[in-house]
Structure formats: C-alpha cells, structure tokens
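Residue-level structure breakdown
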Amino acid sequence: MAKLIDGKAVAAEVRAKVALEVEELTRNGVVPGLAVVIVGDDPASRTYVNNKKKACAQAGIYSEEYALPETTSQEELMTLIQKLNLKKDINGILVQSPLPSTLDEEAVVEAINPEKDVDAFHPSNVGRIMIGNFHFLPCTPAGIIELINSEQIDITGKNCVVIGRSNIVGKPMAMLLLHHNGTVTICHSKTRNLAEICKNADILVAAVGKPKFVTADMVKPGAVVIDVGMDRDMDGKLCGDVDFVNVEKIASWITPVPGGVGPMTIAMLLKNTVVAARRQNGIL
Ligand code: NAP
C-alpha cells in the first residue's frame, strides 16, 4: 500500500515559513503585496481568488483584488496591468486564468513586469527556467518538487514521465524534473504506447485533466505517483487524474486529491510573492 504524500501538511509548513519571513520583512518596513486580477464571474476562478486572498492574509501579505466585469476590453485590462507594474506596494501580479475568450491572455501575461510575475508565466521567466537561472518557479510544478523532497525521494537518474504538456503544468514540470537530474519523458494526446511508457516510470506525474485516467495497469509497482488533476467523477465528486483506489495498492508514494498537489500551489504563490518583495527592495 502506497504512502500518502500529505500536501496539506507540507503546504502548512511552507506557509508557516513564509509567515515568519513576512514578519521579519514587515519589521524592516517591507510588507509584501500581491494584486489579484479576476475578469468575469467564473465560480471556480472566484473560489481560487478567495483562497489566494485568504492565504495572503494568514501569511501577513497585503493583497488587493481587482474584479473586472466580463465585458472588460483588452485596453482596459492592459491599462490596469501597467498601473500595477508601477504600484510600489504591489510586488506580485496574478491574473486569474482563464480570461474570457474575448481577451488575449498571452498579451496580458507579457505585459506583466517579469519581476512581479509571481506565476512565472512571462516568457522571460519561462526562458530563465529553461536555462536554470530563475527567480520564480511556476507554483504547481514547484509545489510538486517540494512534495517529492518532503519524502526525501531522490529524483536523480529516475525515469520520470509527465502526462500533459501545458505551459502551466506539464512543460515546466518536465523542466524541473530535468533540473533535478531525472530522465524525463513528456506524453500528450498524440503519444503512442502511453501505457507502456507510463509503466516504465519511477516517478509518474499526471496532469491530463481527465478523471481517473491513470489506471493501475499503467503504473510500475513501487512508483511514485503525483496526481495534479482536479476533475469531477461521474457523481460530480472532486477527483484526480489517477484511479486512486487501485493505484494506491501498487505505488510506493501517491498524492491524494484533494489534499495533495492543490494546497501546494497557493503555498508556492506566497513564497514567490516574498521573493518578489525581497528582490524589489534589494533584500536578498
Ligand atoms: P490542459 O492545458 O488541458 O493540458 C492537458 C494535457 O493533457 C495536454 O497536454 C493534453 O495533450 C494532455 N492529454 C489530454 N488527453 C490525453 C490523452 N488521452 N493522453 C495523453 N495526454 C492527454 O490542462 P492543465 O492546465 O495542464 O491541467 C491539467 C490538470 O491539472 C487539470 O485537471 C487541472 O484542473 C489540474 N490543475 C491542478 C492544479 C493544482 O493546483 N492542483 C493546477 C493547475 C492545473 P495535448 O497537448 O496533445 O492536447
């Protein structure tokens, strides 16, 4: 039976450390600040934004919310980003995704000052991750590395398989595993022999967005299985990309959904906001 990697507990540790850092910075007159921009009224986005604001408050980070209507124009959004880029009390800018289809999300991300890009989605930060000279790491993949480290699992030389090649999870995840000396394979919807490739993985990361997609016959006995998925099963219940009940029986470690990768994403956002505040105030 696999050991559970407790994302809630690891995230609580990260958040406690962040809170201590914020306390020290605040004593020195620097209060880290995060601006969260949300456009439209997608209920899932609203929940994420509320959770991020609450987490900021708990860590002593100042936060501002900009809730804009669905009808916001590209120009209006770009003007707001420019304003936030210049705002001294704001160190991090997060634009909640997805934006309405009328808006050009790529252009918005590119407009964010890379020093305030706490999601690490700006091309300049993505490039930095590629060459291994980065200030910020994207929150979800960075959180996954923390989870793996929390169990002292050595990535060096391991066969790592990432299912999914999105810019926010799959690609940066593969890059971080590579930086940790894993031998990395990225799979996607056009991959042939997916089950066979997965079965070879010592560390398997599922970021597909399909409920219970990874079944036990795709998993090598003793593998470490990281489930990024936040899906709904046939009963509408939250579940991951991994068939947890059956995979748990053969893996050595596994992350649950909920309570695995999810809590880490917010914890790493707080960490990035503190890094941004330090850098912008020359406190390194
Ligand atoms: P995405 O942009 O939709 O990407 C999904 C990836 O899965 C794509 O690369 C796609 O391949 C691949 N895929 C789809 N069907 C496949 C198949 N049959 N075989 C192999 N690969 C397949 O999703 P995402 O944003 O990366 O998110 C993935 C999941 O993680 C979602 O459930 C999301 O909600 C969750 N998530 C969780 C957190 C968290 O904090 N826990 C954060 C972000 C995302 P193609 O590129 O070929 O289409």
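Since the model is a prediction, treat every value here as computed from it, not as a measurement. (Residues numbered from 1 in each chain as written. Predicted model: local features only at pLDDT ≥ 70, side-chain atom pairs only at ≥ 80, totals over all residues. Heavy atoms only, no water.)

**Comments concerning the pairing of strand E6 (residues 183-187)**
Summarising the sheet, strand E5 (residues 159-163) and E6 pair through 5 bridges and their orientation is parallel. Looking at the pairing, Asn159 lines up with Thr183 of E6. Handedness of the β-α-β unit built from E5, helix H7 (residues 170-179) and E6 comes out right-handed. (Pairing = 2+ DSSP bridges. Helix = DSSP H or I, 4+ residues; strand = E, 2+ residues; numbered from the N terminus. Right-handed = clockwise from strand over helix to strand, strands pointing away.)

**Observations regarding the sheet that holds strand E2 (residues 33-39)**
Pairing in this open sheet of 3 strands is parallel, and the strands run E3-E2-E4 from one edge to the other. Only two strands of the sheet have a single neighbouring strand rather than two, namely strand E3 (62-68) and strand E4 (92-95). Averaged over neighbouring strand pairs, the angle between their axes works out to 15° when direction is ignored. Note that E2 and E3 share 7 bridges and pair parallel. Residue Ile38 lies in a different strand from E3, and its bridge partner there is Ala67. Contacts between helix H3 (residues 74-86) and the sheet are confined to E2, E3 and E4, with E3 contributing the most and set at about 170° to the helix. (Axes fitted to C-alpha atoms, helices over the stretch in contact; angles between N-to-C directions. Contact = heavy atoms within 4.5 Å.)

**Thoughts on the pairing of E2**
For E2, the tally of buried residues reaches 7 of 7 residues, placing the bulk of the element in the interior. Here E2 shows no split at all, with Gly33, Ala35, Val37 and Val39 on one side and Leu34, Val36 and Ile38 on the other all buried. Where the polypeptide runs from E2 across helix H2 (residues 43-59) and back to E3, its parallel neighbour, the crossover connection is right-handed. Direction of pairing for E2 relative to E4: parallel, over a ladder of 4 bridges. (Buried < 20%, exposed > 50% of the residue type's maximum accessible area, 1.4 Å probe, protein only.)

**Observations regarding the site of the ligand**
Arg165, Ser166, Ser189, Asp231 and Thr265 are the nearest of the 22 residues found near the ligand. In the model, a nitrogen atom of the ligand is placed 3.4 Å from a nitrogen or oxygen of the His188 main chain. Contact distances for the ligand include 3.0 Å between an oxygen atom and a backbone N or O atom of Met230. Taken together, the residues of the shell around the ligand sort by class into 10 nonpolar, 9 polar and 3 charged. (Near = heavy atom within 4 Å. Polar contact = N/O pair within 3.5 Å; in protein donor to acceptor, adjacent residues only side chain to side chain. Nonpolar A, V, L, I, M, F, W, Y, C, P; charged D, E, K, R; others polar.)

**Some details on the environment of Asn167**
Note that Asn167 resides in the loop between E5 and H7. Relative accessible area serves as the criterion here: at 56%, Asn167 is assigned to the exposed category. Sequence spacing of Asn167 and Ile144 is 23 residues, and the spatial spacing of their C-alpha atoms is 15 Å. Among the polar contacts listed, one links the side chain of Asn167 to the side chain of Lys171, at a separation of 2.8 Å.

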